[in-house]
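Okay, here's what each chain looks like letter by letter:
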Amino acid sequence: MKANILSSLFDLGGNYIATNLLAEQLGITTAELFNNIEALRAEGYYITYDKLQGYQLLDYENIVIPSRVKEKLVNNSLVTDIIYYPTLSSTNDEAKKLAANKQEGFVLVAGRQTAARGRLGRRWDSDVGGLWFSLILKPKLDLSSWPLMSLVLASAVARTLDNFLPSPASLKWPNDVLVNNKKIAGILLEVMKNQDKENLLIAGIGINVNNNLPGDFINSLKPTSLYLETQQKQINNDILAVLLSDIADYYNIFLQSGFTKIRQDFKERCIHLGKNITIKEANSAITGLNLDINEEGSLVLQVEDKELLVTTGDVSII
Ligand code: BTN
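Conventions we followed
Residues numbered from 1 in each chain as written. Predicted model: local features only at pLDDT ≥ 70, side-chain atom pairs only at ≥ 80, totals over all residues. Heavy atoms only, no water. Helix = DSSP H or I, 4+ residues; strand = E, 2+ residues; numbered from the N terminus. Contact = heavy atoms within 4.5 Å. Pairing = 2+ DSSP bridges. Near = heavy atom within 4 Å. Polar contact = N/O pair within 3.5 Å; in protein donor to acceptor, adjacent residues only side chain to side chain. Areas by Shrake-Rupley, 256 points an atom, 1.4 Å probe, with all protein chains shown as cover. 1 Å grid on protein atoms, 1.4 Å probe; cavity = no way out; pocket = protein on both sides within 12 Å on 5 of 7 lines; lining within 4 Å. Sits in = over half its atoms within 2 Å of the grid points. Nonpolar A, V, L, I, M, F, W, Y, C, P; charged D, E, K, R; others polar. Axes fitted to C-alpha atoms, helices over the stretch in contact; angles between N-to-C directions. Core = buried A, V, L, I, M, F, W, Y, C linked by side-chain atoms within 4.5 Å. Buried < 20%, exposed > 50% of the residue type's maximum accessible area, 1.4 Å probe, protein only. Arc of directions from axis to C-beta. Salt bridge = Lys/Arg side-chain N within 4 Å of Asp/Glu carboxyl O.

**Focus: the environment of Leu-143**
So, point 1. When you line up the elements, Leu-143 lands in the loop between strand E5 (131-137) and helix H6 (149-162).
So, point 2. Residues Leu-143 and Leu-200, 57 residues apart in the sequence, show an inter-C-alpha distance of 9.8 Å.
So, point 3. What Leu-143 contacts, discounting residues up to four positions off in sequence, is Val-191 and Asn-199.

This is how it looks when you write it as structure tokens:
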């Protein structure tokens, strides 16, 4: 019943509904409605009550309603289940705990995260209003090509964000999605084994949508959000539906035809191809001309008269 109440309130797009009317629509008493609303509030949903107007779901733009996402999927070949919690520590950590009993295509979404992680052990600020989720994948490919999923997913995120932005999203190797050179989204890939010793890929995706941004830079990039770039609140539920469809498209292309097409996509959006870059990793740094991104997803760098391949690190343009 709680899920039905929530989707009814969500469908009103932030408008009020009279108590009697809502109870009648759901086939419950007003007392039952009241108890369920209290339970939803305890879970972290902001539902206001006005004597004259009834109930209203506040900030519906920030909330994900799994049934509504599923209905909107244009490509539903990947997603098997979607679960949403108003608050989690980290969707990647929670997805790992649940992974043993979940199929490929399981999606775990949080309204906010209290201990989210970024790449290279960084903190990831995840205030209310952002889109924070993890997707469980089992790519039927050699484990050595799983890191390419970072580029595949970043390309899919960029394609989705183009629908909501005035200017196209760009990419920084291997996982940063940018708008006007500011970071709007990132991807964190983690590999784990389930009970059957099968490898699973936990793909964590974080997109700044309507959330407050961290004051500091995210790995040397200024952060931005869809709200900042468009000056209006965007609806997380709609973005997730488009993104999960785009991910399904890109994932199918990658599994069926390899990296070539997505490599082309990534290169077209990449901000540092043909530029002099520095790649920092732990205590070392390497500088050179970025000639290419190869079929293995590595950066091809010209350093003096040699060509070097770089497989990890943080890129900055010099
Ligand atoms: C990065 O750019 O460094 C990667 C950021 C990844 C953040 C997402 S939000 C959902 C998932 N849960 C986490 O704890 N991290 C990822």
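**Examining the pairing of strand E12 (residues 299-303)**
So, point 1. Where strand E11 (residues 284-293) meets E12, 4 bridges bridge the pair, whose relative direction is antiparallel. Residue Leu-289 lies in a different strand from E12, and its bridge partner there is Gln-302.
So, point 2. Two successive antiparallel strands, E11 and E12, enclose a turn made up of 5 residues, where Gly-297 displays a positive phi of approximately 85°.
So, point 3. Two elements, E12 and strand E13 (residues 306-310), share 5 bridges in a ladder whose sense is antiparallel. Bridge pairing links Val-303 to Lys-306 in E13.
So, point 4. Adjacent in sequence and paired antiparallel, E12 and E13 are bridged by 2 residues, among which Glu-304 carries a positive phi angle near 55°.

**Focus on the site of the ligand**
So, point 1. As a matter of local geometry, the ligand sits amid 18 residues, with Ser-90, Gln-113, Arg-117, Arg-119 and Lys-183 nearest to it.
So, point 2. At 2.8 Å from a nitrogen atom of the ligand is found a main-chain nitrogen or oxygen belonging to Arg-117.
So, point 3. The side chain of Asn-175 places a nitrogen or oxygen atom 3.4 Å from an oxygen atom of the ligand.
So, point 4. Relative to its free-state accessible area of 410 Å², the ligand is covered by the protein chains to the extent of 99%.
So, point 5. Most atoms of the ligand, that is more than half of them, are within 2 Å of grid points of the largest cavity.
So, point 6. Within the residue set of the shell around the ligand, elements represented by two or more residues are helix H5 (91-98), strand E8 (182-193) and strand E9 (199-207).
So, point 7. A total of 4 residues in the shell around the ligand trace back to one element, the largest contributor, which is E8.
So, point 8. Partitioning the shell around the ligand into residue classes produces 6 nonpolar, 9 polar and 3 charged.

**Here we look at the sheet that holds E12**
So, point 1. An order of E13-E12-E11-E10-E14 is seen for the 5 strands of this open sheet, with the pairing classed as antiparallel. The sheet is open, and its two borders are formed by E13 and strand E14 (314-317), each paired with just one other strand. Averaged over all pairs of adjacent strands, the angle between their axes in this sheet comes to 45°, without regard to strand direction.

**Comments concerning the nonpolar core**
So, point 1. Counting 80 residues, the largest nonpolar core has Phe-133 and Val-177 as its most contacted members.
So, point 2. Here the element with the most residues in this core is helix H8 (residues 236-257); it accounts for 10 residues.
So, point 3. Sequence-distant contacts of Phe-133, defined by excluding residues within four places in its chain, comprise Thr-91, Val-107, Leu-108, Val-109, Ala-203, Gly-204, Ile-205, Leu-240, Leu-243, Leu-244 and Ile-247.
So, point 4. Counting 10 residues, the second largest nonpolar core, distinct from the first, contains Ala-99, Phe-106, Met-192 and Leu-200.

**Examining helix H9 (residues 260-269)**
So, point 1. Among the residues making up H9, those that are buried are Ile-262, Arg-263, Asp-265, Phe-266 and Arg-269. Each buried residue of H9 lies within a common arc of 160° when the element is viewed along its axis, so the set occupies one face.
So, point 2. Packed against the buried residues of H9 are H6, strand E6 (170-172), H8 and E11.

**Comments concerning the pairing of E11**
So, point 1. As paired strands, strand E10 (residues 276-281) and E11 are joined by 6 bridges and run antiparallel to one another. Residue pairing across strands places Glu-281 opposite Ser-284, the latter belonging to E11.
So, point 2. Counted between consecutive antiparallel strands, the loop separating E10 from E11 contains 2 residues, among which Ala-282 sits at a positive phi close to 45°.

**Comments concerning the pattern of salt bridges**
So, point 1. Counted according to the given criterion, the structure contains 25 salt bridges.
So, point 2. The shortest N-O distance in the salt bridge between Asp-238 and Lys-72 comes to 3.0 Å. Linking Asp-238 in helix H8 with Lys-72 in helix H4 (residues 66-72), this pair joins segments that are 166 residues apart in sequence.
So, point 3. Take Asp-238: its relative accessible area is 23%, and that puts it in the partly exposed class.

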